[in-house]
Amino acid sequence: MPEDSAINTTDQTAIDFTELLSFEILASLRLRALLLACAFGVGVVFLTAGTVHSAYFLGEPFPPSQALPYAVAMIAYQLVMRSVLARHIQGGRMISSWVWFGGAFFEVSGLTGLLAVVSPSFNDPILALSAPPVLIYTLFLTVSTLHLDFRVPLVTTAIACLQYVGLTGYLFSIRAADAGLDPIFQSRFIYNAKTAMIA
């Protein structure tokens, strides 16, 4: 019947649009992976240059170089993800949304782990909570919007906030009470405020 034919046509159009949107999202995520790889690539250049300059010209260690393995690992991870996304786009296959939640946990947890690892290189471990790598939390949250799924940024934000709060508690528990740090850095309020800014 004509009515059934019209309904079937409408349903097929809706399915085609949904599939098209899904592949556009995958293309967007492929761009996300490239942007993150480039951002970490810039970090690798800076860290390598700083390490070489300190070692050969100043004759002293370059503490930020501890972040070099993390940056290289993130570049490799993002390039692998970009390759996987490209194969799925070419093959016309979707990727479960749970993969993106797992990816968000992996990325954020890697950053939190990095801050915990480099914290002993500071005069006071809690200074790691104000180190430049903390800004990467914001980078992850910003590019998570390219998923075009509100759940992913929400989950990413929740993971980042919970881990930052947990890291704050851990670093406060291991620091020396007489570290002689400026009082503003010894106040938990400033780190609670940073957590709110991440959110």
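Just so it is clear, the structure is predicted and the values come from calculations on it, not from any experiment.

How each quantity is defined
Along every chain, residues carry numbers that run from 1 in the direction the sequence is written. Confidence filtering applies because this is a predicted model: local features only for residues at pLDDT of at least 70, side-chain atom pairs given and counted only at 80 or more, and all residues used for totals across whole chains, interfaces and linings. Just so you know, side-chain values use all the structure's heavy atoms and leave hydrogens and water out. Counting from the N terminus, the helices are DSSP H or I runs at least four residues long and the strands are E runs at least two residues long. Relative accessibility thresholds used throughout: buried, under 20% of the residue-type maximum; exposed, over 50%; partly exposed, between the two (1.4 Å probe, protein chains only). Note on contacts: a residue pair is in contact if any heavy atoms of the two residues lie within 4.5 Å. Throughout, the Shrake-Rupley method with a 1.4 Å probe supplies accessible areas, and for residues the shown protein chains are the sole cover considered. N or O atoms closer than or at 3.5 Å make up a polar contact, with two conditions inside protein: a donor-capable atom paired with an acceptor-capable one, and, for residues adjacent in sequence, both atoms drawn from side chains. Whenever a helix is involved, its axis is fitted only over the stretch in contact; in every case the axis is a line through C-alpha atoms, and angles between N-to-C directions fall within 0 to 180 degrees. Any angle between 65 and 115 degrees counts as roughly perpendicular, while under 35 counts as roughly parallel, over 145 as roughly antiparallel, and the rest as oblique. The residue classification treats Ala, Val, Leu, Ile, Met, Phe, Trp, Tyr, Cys and Pro as nonpolar and Asp, Glu, Lys and Arg as charged. All others, Gly included, are polar. Take the buried residues of types Ala, Val, Leu, Ile, Met, Phe, Trp, Tyr and Cys, join any two whose side-chain atoms come within 4.5 Å, and each joined set is a nonpolar core. Here a patch means residues that are over 30% exposed by relative accessible area and free of salt bridges, tied together within 9 Å if like-charged and within 5 Å if nonpolar (Val, Leu, Ile, Met, Phe, Trp, Tyr). Salt-bridge detection follows one rule: a side-chain nitrogen of Lys or Arg within 4 Å of a carboxyl oxygen of Asp or Glu. Centre distance within 6.5 Å is the pairing criterion for rings of Phe, Tyr and Trp, where only the six-membered ring of Trp is used; planes under 30 degrees apart are then read as stacked, over 60 as edge-to-face, and the remainder as tilted.

Some points on the overall build of the protein
The helix and strand inventory of the protein stands at seven helices and zero strands. Of the regular secondary structure in the protein, the N- to C-terminal order runs α-α-α-α-α-α-α. Going through the 199 residues of the protein one by one, you find that 35% of them count as buried. Restricting the contact set of the protein to residue pairs at least 6 apart, pairs at least 24 apart contribute 73%. Just so you have it, the protein exposes about 11,500 Å², and 70% of that area is on carbon and sulfur atoms.

As for unusual backbone geometry
The backbone phi angle of L148 is positive, close to 55°, even though this residue is not glycine. Within the secondary structure, L148 is located in the loop between α4 (135-143) and α5 (151-174).

Section: the environment of T112
Tracing the backbone shows T112 in helix α3 (residues 97-118). Once the C-alpha coordinates of T112 and L167 are considered, the two residues, 55 residues apart in sequence, prove to be 7.3 Å apart. Polar contacts involving the side chain of T112 include one to the side chain of Y137, which spans 2.7 Å.

Looking at the packing of helix α2 (residues 68-91) against α3
One way to put it is that α2 packs onto α3 with a least axis distance of 11 Å and a crossing angle of 170°. Between α2 and α3, the angle is such that the two are roughly antiparallel. Across the interface between the two elements, Y70, M74, Y77, Q78, M81 and L85 of α2 pack against W100, G103, F106, E107, G110, L111 and L114 of α3. Looking at the contact of α2 with α3 residue by residue, the classes come out as nine nonpolar, three polar and one charged.

Here we look at the environment of E107
Its location among the elements puts E107 in helix α3. Owing to a relative accessible area of 3%, E107 belongs among the buried residues under this scheme. The spatial distance from the C-alpha of E107 to the C-alpha of I136 is 9.8 Å, given a sequence separation of 29 residues.

Describing the nonpolar core
Membership of the largest hydrophobic core comes to 34 residues, with the highest contact counts inside it found for F40, Y70, Y137 and F140. Elements supplying a minimum of two residues to this core: α1 (2-58), α2, α3, α4, α5 and α7 (188-198). Sort the elements by how many residues they give to this core and α5 lands first, with seven residues. Once you skip the residues sitting within four places of it in the chain, F40 turns out to touch Y70, A71, M74, I75, I136 and F140. If you look at the next biggest cluster of nonpolar residues, it comprises nine residues, including L26, L85, W100 and V152.

Some words on a nonpolar patch on the surface
On the surface, V52, Y56, F57 and L58 cluster together into a nonpolar patch covering about 500 Å² of accessible area. Take Y56: it is sitting in helix α1. Under the relative-accessibility criterion, Y56 is labelled exposed at 69%.

Observations concerning the packing of aromatic side chains
Applying the stated rule across the entire model yields six aromatic pairs. When the ring of Y77 is compared with that of F106, the centres are 4.7 Å apart and the planes differ by 45°; the resulting orientation is tilted. You can see Y77 sitting in helix α2 and its partner F106 sitting in helix α3, a full 29 residues away along the chain. Owing to a relative accessible area of 44%, F106 belongs among the partly exposed residues under this scheme.

Quick word on the pattern of salt bridges
Considering all chains together, one arrives at three salt bridges under this definition. We note a salt bridge from E107 to R32, for which the minimum N-O separation is 2.8 Å. Taken together, the residues span a long stretch of sequence, with E107 in helix α3 and R32 in helix α1 at a distance of 75 residues. In this structure, R151 engages D149 in a salt bridge whose closest nitrogen and oxygen atoms are separated by 2.7 Å.

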